[in-house]
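Here is what each chain is made of, one letter per residue.
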Amino acid sequence: MAVRVGRGIFLLLLVPCTVTSVNFPSRNEIYTLTSILEDKLTEAFNESSHINELQTDVSWKDKVSISAVNNEYMVREMAVKISETFASKRFALQRIVDHLEAASETYKWSDELTLNSSQHILLKQLDEEISDVKYKYDAKLEARVNRSQSGVHVPIEVYEGYPIILNGLKWSSGIDAVFKQNYAKDPSLQWQYFGAQTGFMRLYPATTWHVPHELPDLFDARRRPWYIQGSVSPKDMMILMDRSGSVHGQTFTIMKFAVKTLINTLGENDYVNVAAFNETTGWVQNCTQTLVQANTANKKILFDAIDKLDDGGMASYSKALSFAFEALKNMEGEGSNCHKTIMLFSDGGTEWPQEVFDKYLKDNATNDIRIFTYAVGPHPIPTAVLKQMATRTGGQYTVITTTSGVRTKIQESYIDMLSEPLAQSGVHTNHYTSAYTNAVTEDLTVSLTLPVFNKSEEANTSKLLGVAGIDVAVKTLKDLTPFQILGPNGYAFVVNNNGFLVLHPKLKGQVTYLQDLPHVDMTELEGDSEAMKSLRDDMIRGHSGVKRAYTHVILDEAHLILYNGVNYAYAPIKDTPYSLAIVTLPESHHMQVKSQDLEKARDLKSSGVILAPWPYCNDLSMKEDLDSLEELIETILTNFTECNEDLVQGLLWSQEWMESLLRTWRQSQSSSNHIFDRTIHTRYGLTRVHPETKSHIYSDWRDPFKNPALRRGTISRNLVAIPHEDGILLSRPIYVQNSGISVPAAVVGVRFKPRFMNDLLMDNMGSGICQRDGQMVCFLLDDGGLIVASNQQHVGSGKPEFLGDVDPFLMDHLLSAKIYGQHTYYDSQAICSPAASNTSSAGVSSFLSARNPLIALGNMFLDLLSMAGYLQYIVYSAVMSLLTREVDSISEFGITVINNKSTCTTKGAIYYFNEHGFHESTHTCKNTSRKVIVKKMSDINAVLVVAEAPDVQCEVKPVPHKPVRDPGPDPCMLQERFRKPPAGCYKGSLPDPDMESSSSLPKPSFSGVVVFFMWFLKYLLP
């Protein structure tokens, strides 16, 4: 049965002026004129496209077969492939962990190590233009790499000459042999790495380190999603902020920075909320009355609320702690249901909450809650109570005096302690992240990680040595999609146990890897209908099946089609927290081609050829450069077994099938002055453009899923009008048939010049109705409200224009008449220019220039003290802390402005044809009347409208179209979604309350000298 959803209709708008010599068209006349115009458009397309040159009957060819698409089989097969991909990575990862733990068991600590005695490569010291022959370009990693050894990254706050760092590099150096062995066994491996709890990271293979433009290197492995998730069991964290009058000024600034930094050490399996206290205690965000998932959206909500806090009054520890204990008690059976912590930030106090401890530490529901306390500010006093609170509950006490020390202090304050139960259990649980931006390639990736435990009884570090991981690029998962079977409107997506997307064609990258994970929920991109919510819950639970849903198919940023019956086949991905879904249109068919002449691949090497970014051969996605095309041709000719046979056979068939059409286009070039170019887009990802010089116009359409002409062609056989660049593309699909079954093989398009389209409109409306700038205004509109043609000289001659921008009154009227419907949406992955201009383009302050005499002075001290052992690295830390200008916490975490761009939420609107196909009315505005008549076309996505020109401009609110920055949905209206907590919780029992909390780093005995030195520099600094 033919699908009618995509039927086109143009809108023609006629607006008479005060002169009445031209009669306004009647209902019968508009029907006739619409039909005439539709015929003329079809005739123009057929004559210019030569579409009849293409053969549609392939039943006589035994090399071509057509069969129905089996959704359930495809989703099971792809799920198995993804599972196998991760399985091979798990074996490699276990080998890394086994070696590191064995090495820690036998390693002997040395105080004699120096930087000169280490043979490691510091990634930050590698120039981007590496001349060393060891560094070769790797197509899979898209970087120049050295596979002979790993490289080392050390955070900016950590001196690589620390004995604890040098010893860590020494005992882990043997891991390079395992990295290389893993790669030899599985060449599909990408990045392998180990992030140590002390801060350093080993990355294999070694490569140059990318730092965002004009920013210091803020990367720290311990703050990456893969480390956060792999190092500690999930947490329920209640944060208390002292907002009494004593924290006014710098102390409150440091505290806000520290709290936001703490929140950013949490992952999507953690739960958190913040309460501020003085005499009373209350949530910083009034509409969140419980702990919330620590995802990106909730973090931003908390950040905004923290920034708005002010100070005043007296602090009450008793009331604050009672509030926090009750909040955690109410989370019993909810949230992460594992570690429970209270994080108390204050500048000091003397109140000892004895009654609170007597009550809650004896309650079985709250006696496992640890309290971590933070004395904040340049001079936090008195702090004995804060320290005793932490000691009494098995927590830890930390002092934070400056913003420059926040990142390190927060990192060391609680993770060591909370990771100990996991280490003591000896259980290695695989963790799988959501999609995030890789720090090296800046592509979306997921990571498979395992914790690494210290097996040495003499170790002077925590039980957790760090986290080992292996990356799997999201595009690697995407390339397992059977593109050629699904068709342009088919796609695959993957969700994790929290319902967040790991793979989706509309999942975007971030401005920089320094930003938080996107955390895009499935319903944000697939819709939040009850059917989609049910599908989401089933996928999270690990069910399999097929669901059909009425939904909107979004073709591009300006067009969508309502579609009844989109199929979702879904299945769990074995041994992972992921679930896969494959989306197809109903009654989809697949055309399979066999036995093509491989020598035909040589014909692909010509200008005007565009290939989809699909893995035709060697498991590598095609790029746009000529080298990639030549490599593909060479592989097809010499090593065809490395190719996707179905894809390549279809590609070669497409090239041969369209040759006669291309020949006709070349011959008819002289008679095509009214067009810009002609194109053909096939289901196998091949696009040809004539003339070839116009190929760049369609480079954004090389992915069939991003090609609106090709996508429309699989929904409807009708002629389609698409405003594109500075012309109007008319396109129509070509269906081939075999044994009575037909399938869309390609779409042919002709991009007409605006002048031709405008003349076609004006010349075929009869009786001078649509004369240029005459008594009536005429528009041809597509189904998204974009202008296809007009009799107005100032419109319809350049980039696509939206009627709502040209004549908002008419667009508003068409919405009211239900000619158009409106779909509004939010995009939490958007990238915007900064809202205000008072921020630097980098978004954060970088280090002072090396010309600063104080830095030179600091370096001089380091040289003079180079023989002083521990004093060297203590002084280094002090100098770097003091000479680093303040870094705004929000800018550093989550919304960094890079190259004048930052992540944001936008709100936009897309328009589509609604239920009515004809409308006629008279509107009154400011004592003047205006007739309007509208008629949709039957076989084109276009509509014709006629309206009298008003004597005055009627005021009407703007009709939204392009996305604009927006605060997003009301946070108080957001509802908690279903999720499945990760398996396993290792939180142990609280230690003896009499045991003192201690730092994991050695403490030199000459701190007085260091304090004096720090004071001396600070006194000199402005």
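That block above? That's the structure.
So, a few notes on the structure that sits alongside this text.

## Concerning the sheet that holds strand S28 (residues 720–724)
Across a sheet, strands are paired by hydrogen bonds formed along the backbone, either parallel or antiparallel in direction. Spatially, six strands are ordered S25-S27-S26-S30-S29-S28 in an open sheet, and the strand pairing comes out antiparallel. The sheet is open, and its two borders are formed by strand S25 (609–611) and S28, each paired with just one other strand. Averaged over all neighbouring strand pairs, the angle between strand axes comes to 25 degrees, with direction disregarded. Pairing between strand S29 (residues 727–738) and strand S30 (residues 741–752): 11 bridges, direction antiparallel. When the sheet's bridge partners are listed, Val736 is paired in S30 with Val743.

## Examining empty space enclosed by the protein
Enumeration according to the criterion identifies seven cavities of 30 Å³ or more in this entry. Empty space within the largest cavity amounts to approximately 160 Å³. Considering the residues around the largest cavity, the lining is formed by 15 residues, among which Lys478, Phe483, Gly490, Tyr491 and Phe705 are closest to the centre. For the lining of the largest cavity, the secondary structure elements donating two or more residues are helix H13 (483–486) and strand S19 (491–495).

## Quick look at the nonpolar core
Phe194, Val446, Phe493, Tyr568 and Leu580 are the most contacted members of the largest nonpolar core, which totals 79 residues. No other element matches helix H2 (residues 71–106), which puts 12 residues into this core. In this view, Tyr568 contacts Tyr491, Phe493, Glu526, Met532, Leu535, Gly545, Val546, Lys547, Ala549, Thr551, Ile582 and Val583; residues no more than four positions away in its chain are not counted. Core analysis: the second largest hydrophobic core is formed by 74 residues, Ile51, Met591, Leu629 and Val743 among them.

## With respect to the pattern of salt bridges
Summed over the entire model, instances satisfying the criterion amount to 34 salt bridges. Arg666 serves as the salt-bridge partner of Glu659, at 3.6 Å between the closest nitrogen and oxygen. Between Arg712 and Asp783 there is a salt bridge, with its nearest N and O atoms 2.9 Å apart. Residue Arg712 is found in helix H19 (residues 708–713), and its partner Asp783 is found in the loop between strand S31 (776–782) and strand S32 (787–790); the two are separated by 71 residues along the sequence. Given the relative accessible area of 4%, Arg712 is considered buried. The exposure class assigned to Asp783 is buried, which follows from its relative accessible area of 5%. It is possible to trace a salt-bridge network through shared partners that takes in Glu157, Asp220, Arg222, Arg223 and Arg407.

## So, the packing of aromatic side chains
This model, assessed by the stated rule, comprises 28 aromatic pairs. Residues Phe194 and Phe200 carry aromatic rings whose centres are separated by 6.2 Å and whose planes lie at 70 degrees to one another, so their mutual orientation is edge-to-face. Here Phe194 falls in the buried class, since its relative accessible area comes to 1%. Centroid distance Trp209 to Phe219: 4.7 Å. Interplanar angle 70 degrees. Geometry classified as edge-to-face. With a gap of 10 residues between them, Trp209 in the loop between strand S7 (206–207) and helix H5 (225–231) and Phe219 in the loop between S7 and H5 connect regions that are remote in the sequence. Phe219 carries the same exposure label as Trp209, and that label is buried. Through a chain of ring-to-ring contacts, three or more aromatic side chains come together here, namely Tyr491, Phe493, Tyr568 and Phe705. Its end group placed over the ring of Phe918, Arg27 keeps NZ or CZ at 4.3 Å from the ring centre. Here the guanidinium or amino end of Arg711 rests over the ring plane of Phe705, the centre of that ring lying 4.2 Å away.

## Quick word on a negative patch on the surface
A surface patch of negative charge is lined by Glu624, Asp625, Asp627, Glu631 and Asp700. By the element assignment, Glu624 lies in the loop between S25 and helix H16 (626–638). On the basis of relative accessibility, which here comes to 57%, the residue Glu624 falls in the exposed class.

## Some details on unusual backbone geometry
In this model, Tyr204 is joined to Pro205 through a cis peptide bond whose omega is -5 degrees. Looking at the secondary structure, you find Pro205 in the loop between strand S6 (201–204) and S7. With omega at 0 degrees, the peptide bond leading from His690 into Pro691 counts as cis. The topology assignment puts Pro691 in the loop between strand S27 (686–690) and H19. Here the phi dihedral of Asp575 falls at roughly 65 degrees; this positive angle occurs in a residue that is not glycine.

## Some details on the packing of helix H6 (residues 250–263) against helix H7 (residues 296–307)
To characterise two packed helices, one gives the angle between the axes of the helices and the distance between these axes. For the pair H6 and H7, the least separation of the axes is 10 Å and the interaxial angle reads 170 degrees. Regarding the angle of H6 to H7, the classification is roughly antiparallel. Across the interface between the two elements, Lys256, Val259, Lys260 and Ile263 from H6 touch Lys299, Leu302, Phe303, Ile306 and Asp307 from H7. Looking at the contact of H6 with H7 residue by residue, the class counts come to five nonpolar, no polar and four charged.

Calculation criteria
- Residues numbered from 1 in each chain as written.
- Predicted model: local features only at pLDDT ≥ 70, side-chain atom pairs only at ≥ 80, totals over all residues.
- Heavy atoms only, no water.
- Pairing = 2+ DSSP bridges.
- Helix = DSSP H or I, 4+ residues; strand = E, 2+ residues; numbered from the N terminus.
- Axes fitted to C-alpha atoms, helices over the stretch in contact; angles between N-to-C directions.
- 1 Å grid on protein atoms, 1.4 Å probe; cavity = no way out; pocket = protein on both sides within 12 Å on 5 of 7 lines; lining within 4 Å.
- Points joined across faces, edges and corners; volume = space filled by probe spheres on them.
- Core = buried A, V, L, I, M, F, W, Y, C linked by side-chain atoms within 4.5 Å.
- Buried < 20%, exposed > 50% of the residue type's maximum accessible area, 1.4 Å probe, protein only.
- Contact = heavy atoms within 4.5 Å.
- Salt bridge = Lys/Arg side-chain N within 4 Å of Asp/Glu carboxyl O.
- Phe/Tyr/Trp six-rings, centres within 6.5 Å; stacked < 30°, edge-to-face > 60°.
- Lys NZ or Arg CZ within 6 Å of the ring centre and 35° of its normal.
- Patch = residues over 30% accessible without salt bridge, like charges linked within 9 Å, V, L, I, M, F, W, Y side chains within 5 Å.
- Areas by Shrake-Rupley, 256 points an atom, 1.4 Å probe, with all protein chains shown as cover.
- Lys, Arg positive; Asp, Glu negative; His and termini not counted.
- Charge placed at Lys NZ, Arg CZ, Asp CG, Glu CD.
- Parallel < 35°, antiparallel > 145°, perpendicular 65-115°, else oblique.
- Nonpolar A, V, L, I, M, F, W, Y, C, P; charged D, E, K, R; others polar.

By themselves these figures say nothing about function.
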